[in-house]
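Analysis of the macromolecular model
This is what each chain is made of:
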Amino acid sequence: MRRAGAGVQVPPIVKVPRDGSPLPLSFAQARLWFIDQLEPGSAAYNIPVPLWVRGAVDVRVLAGALSELVRRHEALRTVFRSTAGEPTQVVLPAAPVPLPSVDLRALSPEARRIETKRLAAEDAARPFDLASGPLLRTTLVRSGEGESALLVNLHHVVGDGWSLGVFFRELSALYRAFAAGASSPLPELPVQYADFAVWQRAWLSGETLEAQVGYWKQELGGAPPLLEVPTDRPRAPGQSARGRTHPFALSAEAAQGLRALSRREGATLFMTVLAAWQALLGRYAGETDVVVGSPIAGRTRAELEGLIGFFVNMLVLRADLGGDPTWAELVGRTRRAALGAYAHQDVPFERLVDELAPERSLAHAPLFQVTFALDRSGNGGPSLGGAGLERFGGGEAVAKLDLDLTLVDDGGVLAGGLTYATALFEPETAARMARHLETLLESMAADPGRRLSAASLLREGERAQLLAAGRGEARPFPGDALVHRVIAARAAAWPDAPAVACGGSTLSFRELHERADRLSLRLRARGVGPETVVAVLLDRSAELAVSLLAVLRAGGAFVPLDPAYPAGRLAHLLEDSGAAVVLTRAGLAGALPAGSAAVVCVDAEEEPAGRADAPDVGPDALAYLIYTSGSTGQPKGAMVGHRSLLCYAEAMRERMELAPGDRVLQFASPAFDVMIEEVFPAWLSGACVVFPQDDLLGSPHELLRLLERERVSVVELPTAFWHEWVRTLAEEGARLPPGLRLVLMGGERVLAERLEQWAGLGVPLLHVFGLTETTVTTTTLRLEAGEDGSRRSSLPLGVPLPNAAVHVLDGAGEPVPPGMVGELYVGGAAVARGYHARPALTAVRYVPDPFAAEAGARLYRTGDRVRRLADGTLEFLGRMDSQVKLRGYRIEPGEIEAALREHPAVREAVVVVREDAPGDRRLVGYVVAEGAAASPGEL
């Protein structure tokens, strides 16, 4: 008599009188019965076993063997009915088991095979009736002499994987005996499943249950409720059981290496493979806390080993991937976790869920959504006398969870399959995941001392392919061309074409050019030249258009400011930017704080002097300085050079397909970098920019009227406004103006419902993504008129612009394969020069580009979590963690800024973080502008 892990003596299992008293269900059976009540007619818990029978079979003997097998095991003749409102087991009397037969011998050999597989699939999908039974079905399909198929199917409530081994082992023994005219060679069973159910209910309660559950509460405390492995399709509120299985095989050489590693670490092969599987899942999910379920036989007593019934239990195995362990170290961690779980395996999973009471969701299973099992193959397969039995099946499978990895160890290769929910994953994703697991296992076997961060998932040549996929088309920079010089050329080519429309009046390209010339001379008289920052404090107006161009023609760099900003923000931005001149109107000048910047009013009459020729400005000179929103702290000024501006504007001109005659609405705040996107690509194309004087954010109806009145052909909208606009259009059945040919939208996650509504409006949509630090827009995705993007799990970010690059990298700065989560880095001509007056922060966010051929090329770390899809586009998954830890120390968002305000001597601080593994970031300290280091306690 063994003792439980908690030191409690375990009572024996005894036979319960069959006197008509209600027999309870085991905890596991109760869960399946409850599921069946919620989803009657489901085949999700069928266990189909289709078998080719290679050799002659005696149908009468087979039927007799099946009947004796069902007589021996009460579970196979048990049904489940409600008694006084409670489910109970009802054991039916023993009776001959029918063996229906289907004769296919009239068909051709190929047709027989196809029809047999169809019958097997049909039988697998046919549900059982738990109340009436039987819960075991068998069918013999006759194909020819010495060739047939045996279709066996039972409901999980009366059996499990171990039970199948008992079933076929006893069926073979009974068939041999009956074929020889002998009686059954099998001894009577000491107990039946109903006896176990009564015993389990009585024993696993009170102090015994409390001691076992106490371990699990401590082990699983704070575990993530959902392992968010990125899916190809969004989760539906209800779970589907439809699945497919992708085959998996690991070479004998790699398998032997894993066995050797297991022996060295005192682990089993199961523990070693589990470590790699959890490491892979952690990579995909970007997490270091990974929970996986694993089936365990649940037959902890000798009298249960030869019994058919539902004994299998699910263990919850939690992995700690933090700290970038070596493979050997991770196997050690996995071993300790598994041994602890084995010592407390008596708690049925169903009871564990009740006790832990995790947050329940219809969209996913509780505690874990991924499983792993490793079986050892026996000596030879089952047989019926001289006829061998060989299992067969198609790609269809039952997926009770998101992912289920099942492998078989035969002493040579490791083989099996990865079953995946087809409602979530595409076949290509499952195949890629299986290939990545194979790569990790090979890495583990070859070098157990390698750290997880150094274990690449990429095969030879894949790295170069990924890097190439992230680069936009390479184009040479056009000599000494600058944006304002190209616009001057457009003015010469189309002097009378409208360039600016505002308040019912229009400026032609000639007029825009001439007015910008005059204003640029006034600026140059104030000392504006290369690298001089000029603040432009103007609302949407013709003056704003002229001022932007005038600053560039004077050789300076503009910093746009919004007149609606509070006085304190304006004062900070003017001081931080070091603006030498402020361009504004007389009516706005009074709002400016007192300072040293010279004020030039664009509406004042002032005669310029000198010639209008622009000074000698190179492509690396500063074109504009624009500030981030400051939502995560103080606003930071991103410095964008002329090369970046021109490359970007030319690329967006192409992506928007702009041409003379287009009218582009200037919708964004004058201080928002989207304003750059609305103005400069249009002018490079000879198109007109419409500067409205209305409050566009008032309502979607006002925007609709404005678009029609101003004959706008292209407009860009923030995602939140676009959502509301599309909803209003759909609800009111409104139509878009006939002149509107393209809408740009981006910046936030897009609602599928709005995409579906937009598809019926008949206008293409250009989804744009970018950052202030990488020149407005980096990638675009075009949805043609009528194309419904709502079928995607989320709207991808699209493909990079020419001369831009987007890479998805892990914590070690290496590319991650498609489908896996990493941080988005942007490279190429789009990368800005850095942050104004913040060299330390620039050094942290703008890092050397190891993938570029150009010397001095840099990448910008966006802090965005993304993954690359199979078609090469990028899916945005959110921001990287907003908190970092070191020995319990936690930095909350905004804490750095608060600390700096208390230390006025320090102008700037950067959190320096070491990322040992994806998602595992550890605080090293702070770097201040002067270059000194400070510990968390010192700042």
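Residues numbered from 1 in each chain as written. Predicted model: local features only at pLDDT ≥ 70, side-chain atom pairs only at ≥ 80, totals over all residues. Heavy atoms only, no water.

Focus: the environment of Ser82
Mapped onto the secondary structure, Ser82 falls in strand E2 (residues 78-83). When the C-alpha atoms of Ser82 and Ala131 are compared, they prove to be 8.5 Å apart, with 49 residues separating the residues in sequence. (Helix = DSSP H or I, 4+ residues; strand = E, 2+ residues; numbered from the N terminus.)

Re the packing of helix H15 (residues 542-553) against helix H19 (residues 674-684)
Between H15 and H19, whose axes approach to 12 Å, the crossing angle comes to 75°. Considering their axes alone, H15 and H19 lie roughly perpendicular with respect to each other. Here Ala545, Leu548, Leu549 and Leu552 of H15 come into contact with H19, specifically with Met675, Phe680 and Trp683. Among the residues forming the contact of H15 with H19, the class breakdown is 7 nonpolar, no polar and no charged. (Axes fitted to C-alpha atoms, helices over the stretch in contact; angles between N-to-C directions. Parallel < 35°, antiparallel > 145°, perpendicular 65-115°, else oblique. Contact = heavy atoms within 4.5 Å. Nonpolar A, V, L, I, M, F, W, Y, C, P; charged D, E, K, R; others polar.)

Concerning the nonpolar core
In terms of nonpolar packing, the biggest core is built from 216 residues, with Leu62, Phe167, Trp277, Phe372, Phe680 and Trp683 touching the most fellow members. Here the element with the most residues in this core is helix H8 (residues 269-285); it accounts for 13 residues. Of all hydrophobic cores here, the second largest spans 30 residues; its members include Val690, Leu707, Met745 and Leu761. (Core = buried A, V, L, I, M, F, W, Y, C linked by side-chain atoms within 4.5 Å. Buried < 20%, exposed > 50% of the residue type's maximum accessible area, 1.4 Å probe, protein only.)

Overview of the side chain of Gln345
Residue position: Gln345 is located in the loop between helix H9 (327-342) and helix H10 (349-356). A relative accessible area of 18% means that Gln345 is categorised as buried. A distance of 3.1 Å separates a polar side-chain atom of Gln345 from the backbone oxygen of Tyr342. Gln345 has contacts with Gln212, Ile296, Thr300, Asn313 and Leu315, leaving out every residue within four places of it along the chain. (Polar contact = N/O pair within 3.5 Å; in protein donor to acceptor, adjacent residues only side chain to side chain.)

Focus: the sheet that holds strand E12 (residues 387-391)
Strand order across the open sheet formed by 6 strands is E4-E5-E6-E1-E12-E11, with mixed pairing between neighbours. Only two strands of the sheet have a single neighbouring strand rather than two, namely strand E4 (101-103) and strand E11 (383-384). Of the strands in this sheet, strand E5 (136-144), strand E6 (147-155) and E11 are in contact with helix H2 (residues 59-72), which crosses E5 at around 165°. (Pairing = 2+ DSSP bridges.)

Describing helix H16 (residues 567-577)
Think of an α-helix as 3.6 residues a turn; residues three or four steps apart then line up on the same face. Where H16 is concerned, the buried positions are Leu570, Leu573, Leu574, Asp576 and Ser577. Here the buried face of H16 lies against strand E18 (533-537), strand E19 (557-561), strand E20 (581-584) and strand E22 (622-627). Residue Gly578 follows H16 closely and has a positive phi angle near 70°.

A look at the pattern of salt bridges
In this structure the tally under the stated criterion is 44 salt bridges. Salt-bridge contacts for Asp539 lead to Arg585; the nearest nitrogen and oxygen are separated by 2.9 Å. Of this pair, Asp539 sits in the loop between E18 and H15 while Arg585 sits in the loop between E20 and helix H17 (586-589), and the two are 46 residues apart along the sequence. Looking at Asp539, the relative accessible area reads 30%, which means it is partly exposed. Its salt-bridge partner being Arg861, residue Glu823 comes within 2.6 Å of it at the nearest N-O pair. Here Glu823, found in strand E32 (residues 821-828), pairs with Arg861, found in strand E35 (residues 858-868); they are 38 residues apart in sequence, far enough to count as distant. Residue Glu823 is classed as buried on the basis of its relative accessible area of 6%. When salt bridges that share partners are traced, they join Lys15, Arg18, Glu74 and Asp195 into one network. (Salt bridge = Lys/Arg side-chain N within 4 Å of Asp/Glu carboxyl O.)

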